[in-house]
Amino acid sequence: LDRGLTRGPTPKKLKEQKTSVVREPKTEEKSAGVEANDAQQSRMQSTRPSHKTDPRGADKSVSKCERKFPKKQSDPRNAWDGSQVTAERLAENRLLREKFKEKPDSMTVEERERAEQLIARDQRKKEKKERMKAERLNRAEKNRIAHENRHKDRVEKARMQALQKRRERLAAKHAAKANSAGGGGSDSMPRKDEI
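Residues numbered from 1 in each chain as written. Predicted model: local features only at pLDDT ≥ 70, side-chain atom pairs only at ≥ 80, totals over all residues. Heavy atoms only, no water.

Caption draft 1: How the structure looks around the overall build of the chain. Tallying secondary structure elements over the chain gives six helices and zero strands in all. When the helices and strands of the chain are read in sequence order from the N terminus, they spell out α-α-α-α-α-α. Burial analysis of the chain (195 residues in total) assigns 8% to the buried set. Looking at the chain alone, contacts between residues at least 24 apart form 35% of all its contacts between residues at least 6 apart. (Helix = DSSP H or I, 4+ residues; strand = E, 2+ residues; numbered from the N terminus. Buried < 20%, exposed > 50% of the residue type's maximum accessible area, 1.4 Å probe, protein only. Contact = heavy atoms within 4.5 Å.)

Following this line, the structure appears as structure tokens:
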């Protein structure tokens, strides 16, 4: 497996590239071999990614997710007839909305109906956006509270484990003290104030 193509030049080749002294070949046979080797190295370097750029040649302004899953452009030829809104239709809709807000009486019945439909649709979209935003905020708040509760539970569990270990150490300490003293009286158990 030739790792030179995937990982860039080897340290030896880097050292050769960094040296400023040019070595002259002693014979013509060596110079022909060096020229062939230089040509081969230049071809290999042109196929290798530069260490200064991203090895995949990706644009850093685009997120990793967008590079991995690029958005597919819809083909207008595959769309149903009339489903793709043209720029002229968008401009016409904008003018209808503005005209309805300024002078609804000067509009024809069809224009007025279309403008009312557009305004009602805009209102529905606005309400949906607000509802979705509220749901996102509510979900984020629930997640924050759940995270805090999990953190509190972890802290409480760690505190209880530390307390249990302390009780076990004190019990072992008192048992060892009682065994070394030879007596096994009621003083072998730790007192409540020690725990």
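Continuing now.
Caption draft 2: Quick look at the pattern of salt bridges. Taken as a whole, this structure holds seven salt bridges when the rule is applied. Across the salt bridge formed by Arg 94 and Glu 98, the nearest N and O atoms sit 3.7 Å from each other. Taken together, the residues Arg 94 and Glu 98, both in helix α5 (residues 87-102) and four residues apart, mark about one turn of the helix. The exposure class of Glu 98 is partly exposed, given its relative accessible area of 39%. In this structure, the salt-bridge partner of Glu 156 is Arg 159, at a minimum N-O distance of 2.9 Å. Placement of both Glu 156 and Arg 159 in helix α6 (residues 109-181) is noted, with a separation of three residues, approximately one turn of the helix. (Salt bridge = Lys/Arg side-chain N within 4 Å of Asp/Glu carboxyl O.)

Caption draft 3: Quick look at α6. Spanning 73 residues, α6 covers 107 Å between terminal C-alpha atoms, matching the ideal 108 Å at 1.5 Å per step. Those residues of α6 not exposed but buried are Ala 115, Leu 118, Leu 170, His 174 and Ala 178. On its buried face, α6 is in contact with α5. (Expected span 1.5 Å × (residues − 1).)

Caption draft 4: Representation of α5. Compared with an ideal rise of 1.5 Å per residue, which puts 16 residues at 22 Å, α5 spans 23 Å between its outermost C-alpha atoms and is within 8% of the ideal. Looking only at α5, the buried set comprises Asn 93, Leu 96 and Arg 97. Buried residues in α5, looked at end-on, bunch into an arc of 95°, giving them a common side. Exposed positions of α5 whose direction lies more than 90 degrees from the buried face are Ala 87, Glu 88 and Glu 102. Elements that come into contact with the buried residues of α5 comprise α6. (Arc of directions from axis to C-beta.)

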